[in-house]
Amino acid sequence: MALLINSKCINCDMCDPECPNEAIYMGTKIYQIDPDKCTECVGHYDKPTCVSVCPIDCIKPDPAHRESLDELAEKYVRLTR
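Under an unreviewed UniProt entry, the chain has the name YfhL family 4Fe-4S dicluster ferredoxin and belongs to Pseudoalteromonas haloplanktis.

Trainee: Looking at this structure, I do not really get the overall build of the chain. What am I missing?
Mentor: Helix and strand counts for the chain stand at two helices and four strands. Mapped in sequence order, the helices and strands of the chain form the string β-β-β-α-β-α. Here the chain holds 81 residues, and 35% of them are scored as buried. Sequence separation of 24 or more characterises 68% of the internal contacts of the chain that already satisfy a separation of 6 or more. When the accessible surface of the chain is split by element, carbon and sulfur atoms take 50% of a total near 5100 Å².

Trainee: Just checking my understanding: could you explain the state of the cysteines for this structure?
Mentor: Note on terminology: a disulfide is the covalent bond linking the sulfur atoms of two cysteines. Taken as a whole, this structure holds zero disulfides when the rule is applied. Cysteine cysteine 54 remains unbridged, with the sulfur of cysteine 58 as its closest cysteine sulfur at 3.7 Å. Take cysteine 58: its relative accessible area is 3%, and that puts it in the buried class.

Trainee: Help me understand the nonpolar core, please; the structure alone is not making it clear to me.
Mentor: Side chains that are nonpolar tend, in soluble globular proteins, to be buried together. The biggest cluster of nonpolar side chains holds 16 residues, and the ones touching the most others in it are Ile5, Cys15, Ile24, Ile33 and Ile59. Mapped onto this core, the elements with two or more residues apiece are β1 (3-5) and β3 (31-33). Not counting chain neighbours up to four residues away, the residues in contact with isoleucine 59 comprise Leu3, Leu4, Ile5, Cys15, Ile33, Cys50, Val51 and Cys54.

Trainee: Where do I start with the side chain of lysine 75 in this structure?
Mentor: Position of lysine 75 among the secondary structure elements: in helix α2 (residues 69-79). Taking relative accessible area as the criterion, lysine 75 reaches 4% and is therefore assigned buried. If we ignore the near neighbours within four places in the chain, the residues touching lysine 75 are Pro35, Asp36, Lys37, Cys38, Thr39 and Glu67.

Trainee: Any chance you could explain the confidence of the model for the chain here in plain terms?
Mentor: In low-pLDDT regions, the fine details of the predicted coordinates are not to be read closely. Predicted confidence across the chain gives a mean pLDDT of 96, with 100% of residues reaching 70 or more. Per-element mean pLDDT across the chain ranges from 96 in α2 up to 98 in β3.

Trainee: I keep staring at the pattern of salt bridges and nothing clicks. Help me out?
Mentor: For side chains of opposite charge, pairing can occur when their charged atoms come near one another. Counted under the stated rule, the structure contains two salt bridges. The partner of aspartate 57 in a salt bridge is lysine 60, and the shortest N-O contact between them spans 2.9 Å. By relative accessible area, aspartate 57 is classed as partly exposed at 44%. Look at lysine 60 and you get partly exposed, because its relative accessible area is 31%.

Quick notes on the rules
Residues numbered from 1 in each chain as written. Predicted model: local features only at pLDDT ≥ 70, side-chain atom pairs only at ≥ 80, totals over all residues. Heavy atoms only, no water. Helix = DSSP H or I, 4+ residues; strand = E, 2+ residues; numbered from the N terminus. Buried < 20%, exposed > 50% of the residue type's maximum accessible area, 1.4 Å probe, protein only. Contact = heavy atoms within 4.5 Å. Areas by Shrake-Rupley, 256 points an atom, 1.4 Å probe, with all protein chains shown as cover. Disulfide = S-S within 2.5 Å. Core = buried A, V, L, I, M, F, W, Y, C linked by side-chain atoms within 4.5 Å. pLDDT = per-residue confidence, 0-100. Salt bridge = Lys/Arg side-chain N within 4 Å of Asp/Glu carboxyl O.

This is the structure we're talking about:
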């Protein structure tokens, strides 16, 4: 599934440069993740780098955008063509 950044975000700027799909952007108050671009780093890394670098653990799975590993891999292929 895609990830989301919850309201605990402190806008530390750690996640944005880590995203290989450029899915993270500044929203009106906090960073947001575009679910159409988020592959949880499938195809790039073993685990989501944004989660790894977040100092306050505010990046969680997005229950509104559930995807299987195969679906994330297909999205990766579409995004990197």
